[in-house]
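# Overview (structure and organization)
Okay, here's what each chain looks like letter by letter:
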Amino acid sequence: VEVIIVCLQVESTNYHPTNIHPSSKVSYILMKFTFLSLLFLATSSSAFSMTTPKSFLAEIPMGAPDAILGIAENFKACTDPNKVNVCVGAYRDENGKPWILPSVREAEKLMMDDAAETKEYASIAGDAAYVAEAVKFAYGQDMDLSSLAAVQSLSGTGACRIGGNFLAKFAPVKKIYIPDPTWGNHIAIFEEAGLEVVRYRYYSRATNGLDLDGMLEDIKAAPEGAVVLLHACAHNPTGCDPTQEQWKTISKLCKEKNLQVFFDSAYQGFASGDAEKDAFALRYFVEEGHNVMLAQSFAKNFGLYGERCGTLSFLTDSPEEKDRVLSQVKRIIRPMYSSPPVHGSSIVRTVLTNEELTKQYYEECSFMANRIGSMRTLLAEKLKEAGSTHDWSHITSQIGMFAFTGMSSDMCDELTEKHYIFLTRDGRISLAGINDNNVEYIAKAVHAVTDGKSI
């Protein structure tokens, strides 16, 4: 730069060929040539390039793929004709295809013809009519809503996250006790919300059943005021639920320890095929005087996976307390996503406020649960036919969308690598992905990787 400035200064003088002695012309020409050469080189990006500082994005490390959605992507990329996806928890029909409930289709038709249906923003708390119907679906039609603080959420995931943020801000003990195992996203959700996650024993791999004694012992050790997360029904991933008498024991202990009970209800209606029966645990805890929290999702039981509709609710002691809680929940929602989407919630509201569609929906939900139940039985039968000598009775005694097989991570890897059956590495199988056309293939493959080994 300094050289260019000097050259410009020289060039700007009266130093021209007509004003100099002929003997100096050679020197002038050389100087002129040098000036032009330097100017060219200085302005050439290939010769004098400025080093641009790297963006901070250049240092971002690669994140680990999601344990479930990553497997789903691998399934899509697989070209083997026999490939089977028993990973993602989404209902499939007997042909392995997604199924939109006819009651949902009918509700959408009604919505299309309803001039009152718009695409306006919902309030921060969501569609109040939808929220009222949703919480009555969970708590019961006779539930007094005057002390229930409830908001629409982005399905169950969003409900857990908003609830986690609320607890991290206001709970006296910033610890949440979750079952081991649990839905994999629970851990990340509550840690990101600012809570300390502690595991309590839930499932015994030795017995392939509920470890009630271990569960009670760990919950009893929790400090007073801590939060305990309970799966309302169809526990994910084990499909192993407490009996009604065991729920009563759990309720009593939580009451004695003054624990904040947080229910996650993602499968109401999917467990037994009866949405009322599946609500037993939540409703019993309410009867026993617990100030429960509830994360509710309509992804599975209404088949509204991509609509992201759910609710988060808090049972308070008074309408005044309800208003204060609701005001703080809104303050968490507003800067996070402002307001929820309305299409899925409008579907649920339309179904649950239409007597004919409600009846049809309950029948369709029962149909889905019964098909999954029949696949449990058929898988166990086909395993026996394949020559397996293992006791697979835990598959038929479990409930809900999943079977927790007891297979090790190595067995799961072998199933995927050799047989192109895609599942999570904890041995969980989504029974919704099984049908009459692939059950025998799956059973033979499972037998091949488990034969002569303990499960």
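The structure reproduced in this document is the subject of the present report. None of the values given here were measured: they were computed from a predicted structure. (Residues numbered from 1 in each chain as written. Predicted model: local features only at pLDDT ≥ 70, side-chain atom pairs only at ≥ 80, totals over all residues. Heavy atoms only, no water.)

## Some remarks on the pairing of strand β10 (residues 310-315)
What counts here: Only protein chains enter the accessibility calculation, which uses a 1.4 Å probe; a residue is then buried when its area is under 20% of its type maximum, exposed when over 50%, and partly exposed in between. Numbering goes from the N terminus for both helices and strands, where a helix is a DSSP run of H or I of at least four residues and a strand is a run of E of at least two. Note: two strands are recorded as paired if DSSP finds a minimum of 2 bridges between them.
In terms of burial, β10 is largely enclosed, as six of its six residues are buried. Here β10 shows a buried face lined by Gly310, Leu312 and Phe314 and a second buried face lined by Thr311, Ser313 and Leu315. Bridge count for strand β2 (residues 148-153) against β10 is six bridges, and the pairing is antiparallel. Across the sheet, the residue bridging to Ala149 is Phe314, located in β10. One ladder, built from five bridges, connects strand β9 (residues 293-297) with β10; its direction is antiparallel. Bridge pairing in β10 places Ala295 opposite Leu312.

## Description of the sheet that holds β9
The cut-off we apply is this: All axes here are fitted lines through C-alpha atoms, helices being fitted over the stretch that makes contact, and every angle between N-to-C directions spans 0 to 180 degrees. Only heavy atoms matter for contacts: two residues are in contact if any of them lie within 4.5 Å across the pair.
Within the open sheet, the seven strands sit side by side as β2-β10-β9-β8-β7-β3-β4. Their pairing is mixed. Single-partner strands in this sheet number two, and they are β2 and β4 (196-201). On average, each strand axis in the sheet is inclined to that of its neighbour by 20°, with strand direction left out of account. Where strand β3 (residues 175-180) lies against β4, six bridges are found, and the strand directions are parallel. Its bridge partner being in β4, Tyr177 is matched across the sheet by Val198. This element, helix α9 (residues 244-256), spans β7 (227-231) and β8 (260-265) of the sheet and lies at about 165° to β7.

## Points about the pattern of salt bridges
Pairing is possible between side chains of opposite charge, provided their charged atoms come close. Inclusion rule: Any carboxyl oxygen of Asp or Glu that lies within 4 Å of a side-chain nitrogen of Lys or Arg is treated as forming a salt bridge with it.
One pass over the full model with this rule turns up 17 salt bridges. Glu117 is paired through a salt bridge with Arg349; the nearest N and O atoms lie 3.1 Å apart. You can see Glu117 sitting in the loop between α4 (102-112) and α5 (128-139) and its partner Arg349 sitting in helix α13 (residues 343-352), a full 232 residues away along the chain. You can call Glu117 partly exposed: its relative accessible area is 23%. We note a salt bridge from Lys382 to Glu385, for which the minimum N-O separation is 3.4 Å. You can see Lys382 and its partner Glu385 sitting in helix α14 (residues 355-385), three residues apart, about one turn around the helix. Counted as one network, the salt bridges with shared partners bring together Glu117, Asp127 and Arg349.

## Regarding the packing of aromatic side chains
Counted only if it meets this: Pairing of aromatic side chains requires ring centres within 6.5 Å, counting the rings of Phe and Tyr and the six-membered ring of Trp. Pairs whose planes differ by under 30 degrees are stacked, by over 60 edge-to-face, and all others tilted. Placement of a charge over a ring requires the Lys NZ or Arg CZ to be within 6 Å of the ring centre, with the centre-to-atom vector within 35 degrees of the ring normal.
What the rule picks out here adds up to 22 aromatic pairs. With a centroid separation of 6.4 Å and 75° between ring planes, the pair formed by Phe137 and Phe302 is classed as edge-to-face. Remark: Phe302 occurs in the loop between β9 and β10 and Phe137 occurs in helix α5; sequence separation between them is 165 residues. Of the two residues, Phe137 and Phe302, neither departs from the other in class, the shared state being buried. Aromatic rings pair up to connect Tyr91, Trp99, Tyr267, Phe270, Phe367 and Phe402 into one cluster. Over the aromatic face of Phe75 sits the side chain of Lys83, whose NZ or CZ is 4.4 Å from the ring centroid. In this arrangement the basic side chain of Arg428 is found over the ring face of Phe402, its NZ or CZ atom lying 3.8 Å from the centre.

Nothing here speaks to function; it is all geometry.
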